[in-house]
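This is what each chain is made of:
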Amino acid sequence: MALMASSRHEVGAKSFPLLIYIVVPLLALGLQSLLSLHLSRFDLIDLPLLVTLYYAITQREPVSATLVGMVIGIAQDGLTHHALGIFGISKAVIGYMAASLGVRVDTENHGARLLLTFGFTLAQTAILWLLQRHMLGQPFAWHGFHEVIRAVANAFVGVILFALLDLTRRTEY
Amino acid sequence: MESFFSRYRNALVLIAVLLAQVIGLAVQVRRPDPTAPDKGGVRVIRSWVVGVVTPPEMLLHATGRGIRGVWTNYIDLIHTRRQNKELKAEVDQLRLEEESLAEDARQGQRLQALLGFKEKYVYQTVAAQVIGTSGTEQSHVLLIDKGSQDGIKSDMPVITPDGIVGKTRDVFRHTSQVLEVSDVTSGAGVILEKTRIRGVLRGDTWGQPEIVNVSPDERIQRGETVLTSGGDAIYPRGLAVGFVDRVVTQPEGTLVNVLVKPSANLSRLEEVLVITNTGEQMPAEMQQDLSDTQQKASDVLAEKLPSRADPNAPADEQPDSEKDSADASVTPPVKPPQPLHPDHFTPSDTPPAADLVPGQRTDNTQSGANSSSAPPKPPTGTPGDFPQSNPPASPATKPPVAAAKPKPKPAAPPAQSTPQGGA
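Residues numbered from 1 in each chain as written. Chains lettered and ligands numbered in written order. Predicted model: local features only at pLDDT ≥ 70, side-chain atom pairs only at ≥ 80, totals over all residues.

Draft legend 1. Layout of the overall build of chain B. Along the backbone of chain B there are eight helices and twelve strands. Long-range contacts, defined as pairs at least 24 residues apart, comprise 60% of the intrachain contacts of chain B with a sequence gap of at least 6. (Helix = DSSP H or I, 4+ residues; strand = E, 2+ residues; numbered from the N terminus. Contact = placed C-beta atoms within 7 Å.)

Draft legend 2. Highlighting the overall build of chain A. Summing up its helical and strand segments, chain A has six helices and two strands in all. Burial analysis of chain A (173 residues in total) assigns 47% to the buried set. (Buried ≥ 20, exposed ≤ 12 C-beta atoms within 10 Å, placed from the backbone.)

Draft legend 3. Spotlight on helix α4 (residues 86-102) of chain A. The first and last C-alpha atoms of α4(A) sit 24 Å apart over 17 residues, in line with the 24 Å expected at 1.5 Å per residue. Burial within α4(A) is extensive, with 15 of its 17 residues counted as buried. (Expected span 1.5 Å × (residues − 1).)

Draft legend 4. Structural context of the packing of helix α3 (residues 62-79) of chain A against helix α3 (residues 40-75) of chain B. Axis separation between α3(A) and α3(B) bottoms out at 8 Å; the angle between their running directions is 85°. Comparing the axis directions of α3(A) and α3(B) gives the class roughly perpendicular. Contacts between α3(A) and α3(B) involve A:I74, A:A75, A:G78 and A:L79 on the former and, on the latter, B:I45, B:R46, B:V49, B:V50 and B:V53. For the contact of α3(A) with α3(B), the residue count by class is seven nonpolar, one polar and one charged. (Axes fitted to C-alpha atoms, helices over the stretch in contact; angles between N-to-C directions. Parallel < 35°, antiparallel > 145°, perpendicular 65-115°, else oblique. Nonpolar A, V, L, I, M, F, W, Y, C, P; charged D, E, K, R; others polar.)

Draft legend 5. Focus on the interface of chain B and chain A. Across the contact, 38 residues belong to chain B and 32 residues belong to chain A. Mapped by element, the contributors of at least two residues to the side of chain B that touches chain A are α2 (9-29), α3, β1 (121-133), β2 (141-144) and β5 (176-180) of chain B. Looking at the side of chain B that touches chain A residue by residue, the classes come out as 19 nonpolar, 14 polar and five charged.

Draft legend 6. Seen up close, the confidence of the model for chain A. All names here are of chain A. Summarising the model, chain A shows a mean pLDDT of 86, and 90% of its residues fall at 70 or more. When pLDDT is averaged over each helix and strand of chain A, the minimum, 61, is found for strand β2 (residues 170-171) and the maximum, 94, for α4. Scored below 50 in pLDDT, residues 1-10 makes 14 contacts in the model with residues more than four places away or belonging to other chains. (pLDDT = per-residue confidence, 0-100.)

Draft legend 7. Representation of the packing of helix α2 (residues 47-59) of chain A against helix α6 (residues 144-166) of chain A within the structure. Residue and element names in this part refer to chain A. Orientation of α2 relative to α6, taken along the N-to-C sense of each, is 55°, at an axis distance of 10 Å. As far as their axial angle goes, α6 and α2 are oblique. Read as a crossing pair, α2 and α6 show a hand that is right-handed. Judged by residue contacts, L49, L50, L53 and Y54 of α2 engage N154, V157, G158, L161, F162 and L165 from α6. Looking at the contact of α2 with α6 residue by residue, the class counts come to eight nonpolar, two polar and no charged. (Left-handed = near helix turned anticlockwise from the far one by under 90°.)

Draft legend 8. Broad picture of the sheet that holds strand β10 (residues 240-249) of chain B. All names here are of chain B. With antiparallel pairing, the six strands of this closed barrel are ordered in space as β6-β7-β8-β11-β10-β9. Strand-to-strand twist across the sheet, computed as the mean angle between neighbouring axes with direction ignored, equals 45°. Across seven bridges, β10 lies against strand β11 (residues 256-262) in antiparallel orientation. Directly across from F243, in β11, lies its bridge partner K261. (Pairing = 2+ DSSP bridges.)

Draft legend 9. Main features of the pairing of strand β7 (residues 198-203) of chain B. All names here are of chain B. Where strand β6 (residues 188-192) lies against β7, four bridges are found, and the strand directions are antiparallel. Bridge pairing in β7 places I191 opposite R198. Counted along the chain from β6 to the antiparallel partner β7, the turn is five residues long, and its residue R196 has a positive phi close to 60°. Both β7 and strand β8 (residues 209-214) contribute to a ladder of four bridges, which runs antiparallel. Looking at β8, one finds that G203 is bridged to P209. Counting the residues that bridge the hairpin from β7 to β8 gives five residues, and of these G207 lies at a positive phi of roughly 90°.

Draft legend 10. The nonpolar core, seen in detail. One finds A:V51, A:L53, A:A98, B:I144, B:I164, B:V165 and B:V272 to be the most contacted residues of the largest nonpolar core, which totals 84 residues. No other element matches α4(A), which puts ten residues into this core. When residues no more than four places from it in sequence are discounted, the contact partners of B:V272 are B:A128, B:V130, B:I144, B:V158, B:I159, B:T160 and B:V165. (Core = buried A, V, L, I, M, F, W, Y, C linked by C-beta atoms within 7 Å.)

Draft legend 11. The arrangement of the confidence of the model for chain B in detail. All names here are of chain B. For chain B, the mean per-residue pLDDT works out to 74, and 64% of the residues sit at or above 70. Put simply, helix α8 (residues 401-404) is where chain B has its lowest mean pLDDT, 39, and β5 is where it has its highest, 93. Predicted confidence is poor over residues 365-423, with pLDDT under 50, and the contacts of this stretch with residues over four places away or in other chains come to 43 contacts. Interface confidence in the predicted complex, given as ipTM, is 0.83; pTM for the same model is 0.67.

Draft legend 12. Representation of α2(A) in the model. All names here are of chain A. Helix length check: α2, at 13 residues, gives a terminal C-alpha distance of 18 Å against a target of 18 Å (1.5 Å per residue), a fit within 8%. The buried fraction of α2 amounts to 13 of the 13 residues, a majority that puts the element mostly inside the structure. Positive phi appears at R60, one or two residues downstream of α2, with a value of about 55°.

Draft legend 13. Focus on the environment of B:I275. Residue and element names in this part refer to chain B. Secondary-structure assignment places I275 in strand β12 (residues 271-279). The spatial distance from the C-alpha of I275 to the C-alpha of Y123 is 7.9 Å, given a sequence separation of 152 residues. If we skip the residues at most four places from it in the chain, I275 touches V122, T125, M156, P157, I159 and P236.

Draft legend 14. Summary view of unusual backbone geometry. Residue and element names in this part refer to chain B. For R196, which is not glycine, the phi torsion reads 60° and is therefore positive. With respect to the helices, strands and loops of the structure, R196 is situated in the loop between β6 and β7. Overall, R196 belongs to the exposed group, with 9 C-beta atoms counted inside 10 Å.

Draft legend 15. A look at the environment of A:G111. Residues and elements named next belong to chain A. Position of G111 relative to the elements: it lies in helix α5 (residues 110-135). With 11 C-beta atoms counted inside 10 Å, the residue G111 sits in the exposed group. On a C-alpha basis, the gap between G111 and V159 in space is 8.6 Å, while along the polypeptide they are 48 residues apart.

Draft legend 16. The environment of B:Y235, seen in detail. All names here are of chain B. Locating Y235 in the fold gives a position in the loop between β9 (225-228) and β10. Separated by 45 residues in sequence, Y235 and V190 have C-alpha atoms that sit 9.4 Å apart. Leaving out residues up to four positions away in the same chain, Y235 has contacts with P157, I164, A188, T228 and G230.

Following this line, the structure appears as structure tokens:
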């Protein structure tokens, strides 16, 4: 049970300066768009998903995590040619689930973060598959091995990114 | 009631958020043409997102381009001179090839005019920098730094010198979205160059373009060129698309998909051209280029062929340069040099064959007065009877058989024969 939260300190909510709430998602969207242009396989990484996850597991507040996920997801939809709401729905669900789980799991542990990111990356792909393939009737293939590779890549990048974002937060008791 | 909302507040918020977005999705996909550019609120939201994200991207892109420009234009110039020489030689070679192609193009135009075929020519393009992508594998969309202010509209073809890239989709004031041909929702009419098989090109789920629902044909070979067919009313006909990579049979087994390797490197695009205007007449600039091509090719040909001009010859004997440039293929007639001393081989001094007498010997070695006044010697018929002043001719100066051979006439006494050159 090393991953379970065992003290009030571990479940204490973390807050961020307001500027960080605005700048970091925008930076994630911009870097995602820019780096995918210059690094051919960077589109495996989903920086907006990682930012959504980080806010959810550190805030541990499902309502705000849902809303943050929705806003970041719709903004990500804006850069694509898809209908607005596909990433919005998936990231809202991911935010809600991550925040609900963050109350029960020690999210300061790097191993827990790795597993959480791995699992939620796969969960997001599953939601997208449901939405696009079965709800909108658009072509969306599930390439199993490819999705696992993507989840692993996101998990490792997520651990590094979460450590960097930890530097910007302040703890509230 | 209050306790219900407070107890299930999180779940209710999630349900409300999801419900609102599902309704929004339903409204968006219910449009007559879901692939058409967005309108209304969706367009506003997309415009806000693009407007927030693209300025930093433009700034970063411009900075990177500036640094690259300083490096390539002022520092990294080691092989420039050698490359310049090689490129000049290549340009000369291409001009020669272009001349023959230009003739084919003119012939094709004439035939198309005869058949009433409507060809589309590219009149005007706008160069644009690629500043970003959608950032996801599910959406093959590029962002370019030109928008409605630069004359861009929706559904305009986007190309590179190597091949087609896609078409514009949502156009904003300063930026535009380009839907790549590798996206699953894209579509382009294409034709295979050799087998002339037509089809529709779109991306597969891996992001590779493929021609879908093609009848199996053994003639389709790997490496065959794929061109735009012009049937989609977006891409002009004849633009390069890519090469056949492989043929994949569909699960049903009746039709095949032809996977295409795109000519343009879609994963490393920096600059693209947006075709903003096309027409059915060949543009004036292109016509001028065709005529210029002929002249330049003639110049190149004249330089490469051995010179017909003798640098040591007098000026009046040099070929007319203006005339040569106008028609290099016509060879001027060759005039024989003037003789220093007339002899009986000179064409103008040889008497006509009708005036020759069988057995009479002509002697033009002396001056014309002497030869006309001297009495003709009777033929001896002895071989080797040559005048002293006219020794036996060497093989090089041997008289031609037709000139020396007299015309067959009835035999006549020597006294009645007309003296040659007599008054």
